[in-house]
Structure formats: C-alpha cells, structure tokens
Amino acid sequence: MSHVSSHAAHGQSPLRTVQVLGGGSAGSSAHVRSLTAGLVARGVRVTVCAPSEAERAYGFSDVGAHHLPVPRSSDPASVAALRVACADADLVHAHGLHAALRASLALSGRRVPLVVTWHTRSYAEGARAHLLRMLERRVARAASVVLGTSSDLVDRARTRGARDARLAAVSFPPPRRPVTDGDDAERARNKTRAELGAVDRPLLMAVGTLERHRGYDVLLDAAHAWLDLDPAPLLVIAGEGPQRGALQRRIEAEGLPARLAGRRDDVADLLHAADIAVLPSSWESRSLLAQEALHARVPLVATDVGGIPELVGEAAELVPYGDAPALARAVERLLTDPERCAQLREAGSMQAASWPSEDATIAQVLSVYDELTGTF
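Residues numbered from 1 in each chain as written. Predicted model: local features only at pLDDT ≥ 70, side-chain atom pairs only at ≥ 80, totals over all residues. Heavy atoms only, no water.

**Observations concerning the overall build of the chain**
- Broken down by element type, the chain carries 16 helices and 13 strands.
- Relative to a compact globule of 376 residues, whose C-alpha radius of gyration would be 21 Å, the chain shows 22 Å and is just as compact.
- The dimensions of the chain, computed from C-alpha atoms along their principal axes, are 70 × 50 × 35 Å.
- Of the contacts made within the chain by residues no fewer than 6 positions apart, 64% connect residues no fewer than 24 positions apart.
- A total of about 16,700 Å² of accessible surface is found on the chain, and carbon and sulfur atoms cover 50% of it.
- Of the side chains in the chain, 42 bear a positive and 44 a negative charge, and the two mean positions are spaced by 8 Å. (Helix = DSSP H or I, 4+ residues; strand = E, 2+ residues; numbered from the N terminus. Rg over C-alpha atoms; globule rule 2.2 N^0.38 Å. Contact = heavy atoms within 4.5 Å. Areas by Shrake-Rupley, 256 points an atom, 1.4 Å probe, with all protein chains shown as cover. Lys, Arg positive; Asp, Glu negative; His and termini not counted. Charge placed at Lys NZ, Arg CZ, Asp CG, Glu CD.)

Shown next, in the form of structure tokens:
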C-alpha cells in the first residue's frame, strides 16, 4: 500500500494536488493524463488546470480528475483562475516553463510546495533569449523540486538556480489507438503507404512541429542525395508550424522527394507504415517520435543531441546535428542493409522495455509529494 492510500485509509483527508498544464505538447499532455490516472487510483485528489482543447484531446476528467479550463496565456485572468484552483491545494505540480510561471504567480505569498517538470527546452533568439533565461531562472528558483526529463535539463535547471533538481522517471505514453496485428496490420500498412504515395518506394517518416530547431532544413538538404537512388525514397513530414511555407517552397523549387502531411492524429499508423524514422532536431529531451519509433520497431536515424543518446542507447543510428551528408548516408546505409535494420528493431524493443513504467513514474512523483507535504 502506498503512503497516500494508507494516509486516506487512516481517516485523514486525501492529498489535494493541482496539475497545471500550459500549451501542452503531446508528450507532457499524455504524461499528465497517465499521472492523473495513477494518482487518483492511489487516493489523491487531482485538479487539472489546462486549456479546454487539452481536456478534449486527453480526457483528464475521464480518469477521475476535476478539470478546470485555464487558457494558456499569461494574462491576469489566467493567473486569477489558477489562484482560485490552488486555494485549498496541498501541492501544485506544473508541467512546462510557462505553466510553471503562472503557477508561481498564483502561489505568490502562499507556502504551498511547487513541483515543476521540465519536459523540453524552450527556444528563443536575440532579446527573447535573454527573457527566456530570466523566465527559466524565476521558475527554477520558485520550485521546491524541478524534475527534468533528461540529464541535460536537470543540469540546466541547476545552472538556473534550482534548489533541488532531479531526473524524472517518465513512462512512454501508450498509443491512443491500438495497432492491429497480423494480416490486418499489413493491410493497414499498405493502405497508409498508398495514401502517402509510397507504394513501390521506401517511406521515411519525420514527425514534429515545423519550427526551425527541428532541423527540417537539414533534412531537405539530405533529401537531395536520395534523388539519385532508384527508387528514390519518399520523405513524409507530419506536423504543422511557422516553417511550413518555407519548407513547401523548397520542396517544389528543388524537386525534392518529400511531402508535408500536416498535423496528423494517426502518428502510430504512419510510423508502422514507415521503413525508417528520421529525427533531425537541434535538441530534444525525451523525444516522443524516438520513443514511438523504437516501440514500433522502426529503425531510427536521429541527431546526437540533448537527451536522445540517453533515451535510445544503442538502438538508433546517431549523426551530428546539422550534418546533412552524414544524415543522408545513415539513411542510405539502412535502406541497403536489412540485417542492420533487423538489429535496430531488436535493440529498439529491448531499449523500450528498459524505460520507466507508469507505476515507476507515479511512485517517483508520490515520493516527491510525500517529502514536500510531510503528511504521511
């Protein structure tokens, strides 16, 4: 029996927690849903403060939370709504930098422990980079404990003044829809490949917001080399973002074997149809694409940055960020080496099995809550 459930069993009121989610990336939203389900099952009362669209997509109330719609902006109304939500909380847990800033403002003048999970790193240039550093410092210092999803995020939190920064156990969020097996899986795979236009050619899959730090410009540089292959593989990039126009213009002007698929809610199906997954980012922590690729036994070529080496171990081909020729060669090698692909599939399954379970993730969070509330 956990501390929390024994606490409830002895007639004391259950621990009241507030989970604060900002914009909510797919990774952090899935994590909060999983965490909420585990906490509720263990007798913890959970309020999730998140935008309404996050509730619609992830169903926090379906797993026993009270959902309070709070817009993602940092306007006074948003902070005021959080202040009300946190009025009787024993502990507040914010996910992401902007959610943590709002939570710290809402808790101003109150002695309520604040746990912050840094799921990823924010990006800014010029004057905004200075503002971002100030924001990171403010959040790091306001938190009782910072949980970083990769070792370099833990180091970053420490350099920003965190009193207590630890590596977070974060489980792989299971796909929202189960993938079929056997003949059905093969039919679904062929259907997806036909829809994307990759019936008689290899399919390369990249997934993520179309932003500069994702490295898609480098990926398109690499795609030039694949024009010489017969058949040329098709590169499909699923995601939406500010770089869409620039990327589309390049694809058309340079005649590249690539297409932008837009935002998709069937990423698991896309990956199962792919021959190779590609992750060209300048930085990642616990990349959702890397986790999904290894889990789906799809060979992965990724950049050797941030938390990726720690996450994938020996189960992916790693290349330096920004090195288009190295990226192109790594993909070409896998396309012509079925034995290496088979090795990566096996290694991927083993690596995925080594990641923290949902129970381990919840146990770590509960132990942090126990430390900070001292009620057990």
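**A closer look at the environment of His67**
- Along the chain, His67 turns up in strand 3 (residues 66–69).
- Measuring from C-alpha to C-alpha, the distance between His67 and Glu55 comes to 7.3 Å, with 12 residues separating the pair along the chain.
- Setting aside its immediate chain neighbours within four residues, His67 contacts Val48, Ala50, Pro51, Ser52 and Glu55.
- For His67, the side chain forms a polar contact with the main-chain oxygen of Ala50, separated by 2.9 Å. (Polar contact = N/O pair within 3.5 Å; in protein donor to acceptor, adjacent residues only side chain to side chain.)

**Here's the deal with the packing of aromatic side chains**
- Evaluation of the coordinates by the stated rule reveals 2 aromatic pairs.
- Seen from their ring centres, Tyr58 and Phe60 are 6.4 Å apart, and the 15° between their planes marks the pair as stacked.
- By relative accessible area, which is 17% here, Tyr58 ends up buried.
- Phe60 gets classed as buried once you look at its relative accessible area, which sits at 0%. (Phe/Tyr/Trp six-rings, centres within 6.5 Å; stacked < 30°, edge-to-face > 60°. Buried < 20%, exposed > 50% of the residue type's maximum accessible area, 1.4 Å probe, protein only.)

**Description of helix 4 (residues 76–85)**
- Within the sequence span of helix 4, burial applies to Ser78, Val79, Leu82 and Ala85. Buried residues of helix 4, seen end-on, are gathered within an arc of 115° and therefore sit on one face of the element. Turned more than 90 degrees away from the buried face of helix 4, the exposed residues are Pro76, Ala77 and Val84.
- In the core, the buried residues of helix 4 are packed alongside strand 1 (16–21), strand 2 (45–50), strand 3 and helix 5 (97–106). (Arc of directions from axis to C-beta.)

**Brief notes about the pattern of salt bridges**
- A complete count under the given rule lists 19 salt bridges for this structure.
- Note that Arg193 and Asp275 form a salt bridge whose closest N and O atoms lie 3.0 Å from each other. Linking Arg193 in helix 8 (residues 182–196) with Asp275 in the loop between helix 11 (267–273) and strand 11 (276–279), this pair joins segments that are 82 residues apart in sequence.
- Notably, a salt bridge pairs Arg297 with Glu346, separated by 2.7 Å at the nearest N-O pair. Within this pair, whereas Arg297 is found in the loop between helix 12 (288–295) and strand 12 (300–303), its partner Glu346 is found in helix 15 (residues 338–354), the two being separated by 49 residues in sequence.
- With a relative accessible area of 43%, Glu346 lands in the partly exposed category. (Salt bridge = Lys/Arg side-chain N within 4 Å of Asp/Glu carboxyl O.)

**A look at the confidence of the model for the chain**
- Overall, the prediction assigns the chain a mean pLDDT of 91, with 93% of residues at 70 or greater.
- Considering only residues more than four positions removed or in separate chains, one finds that residues 1–11, a stretch of pLDDT under 50, has 17 contacts. (pLDDT = per-residue confidence, 0-100.)

**A closer look at the sheet that holds strand 10 (residues 258–262)**
- Within the open sheet, the 6 strands sit side by side as 10-9-8-11-12-13. Their pairing is parallel. Both outer strands of the open sheet, strand 10 and strand 13 (317–319), are each paired with one neighbouring strand and no more. Mean inter-strand twist for the sheet, computed between neighbouring axes without regard to direction, equals 25°.
- Of the pairings in the sheet, the one linking strand 8 (residues 203–207) to strand 11 comprises 2 bridges and is parallel in character. (Pairing = 2+ DSSP bridges. Axes fitted to C-alpha atoms, helices over the stretch in contact; angles between N-to-C directions.)

**Regarding the sheet that holds strand 3**
- Here we have 7 strands laid out as an open sheet, ordered 3-2-1-4-5-6-7, and parallel in their pairing. One side of each edge strand has no neighbouring strand; the edge strands of this open sheet are strand 3 and strand 7 (165–167). For this sheet, the mean angle separating the axes of adjacent strands, direction not counted, is 20°.
- Pairing of strand 1 with strand 4 (residues 91–95), which is carried by 5 bridges, proceeds in the parallel orientation. Across the sheet, Thr17 pairs through a bridge with Leu91, a residue of strand 4.

**Here we look at helix 12**
- Within helix 12, 6 of the 8 residues are buried, which leaves it mostly tucked inside the rest of the structure.
- Those residues of helix 12 that fall on the buried side of the exposure criterion are Leu289, Ala290, Gln291, Glu292, Ala293 and Leu294.
- Turning to helix 12, the residues buried within the fold contact strand 8, helix 11, strand 11, strand 12, helix 13 (308–312) and helix 15.
- Backbone nitrogen of Leu289 and a side-chain oxygen of the N-cap are separated by 3.3 Å at the start of helix 12; the cap is Ser287.

**What to know about the packing of helix 9 (residues 216–226) against helix 14 (residues 324–335)**
- Packing of helix 9 against helix 14 brings their axes to within 8 Å, and their N-to-C directions diverge by 55°. By the angle between their directions, the pair helix 9 and helix 14 is classed as oblique. Taken as a pair, helix 9 and helix 14 cross one another with a handedness that is right-handed. In this structure, helix 9 contributes Val218, Leu219, Asp221, Ala222, Ala225 and Trp226 to the contact, and helix 14 contributes Ala324, Leu327, Ala328, Val331 and Glu332.
- Residues that form the contact of helix 9 with helix 14 fall into these classes: 9 nonpolar, no polar and 2 charged. (Parallel < 35°, antiparallel > 145°, perpendicular 65-115°, else oblique. Left-handed = near helix turned anticlockwise from the far one by under 90°. Nonpolar A, V, L, I, M, F, W, Y, C, P; charged D, E, K, R; others polar.)

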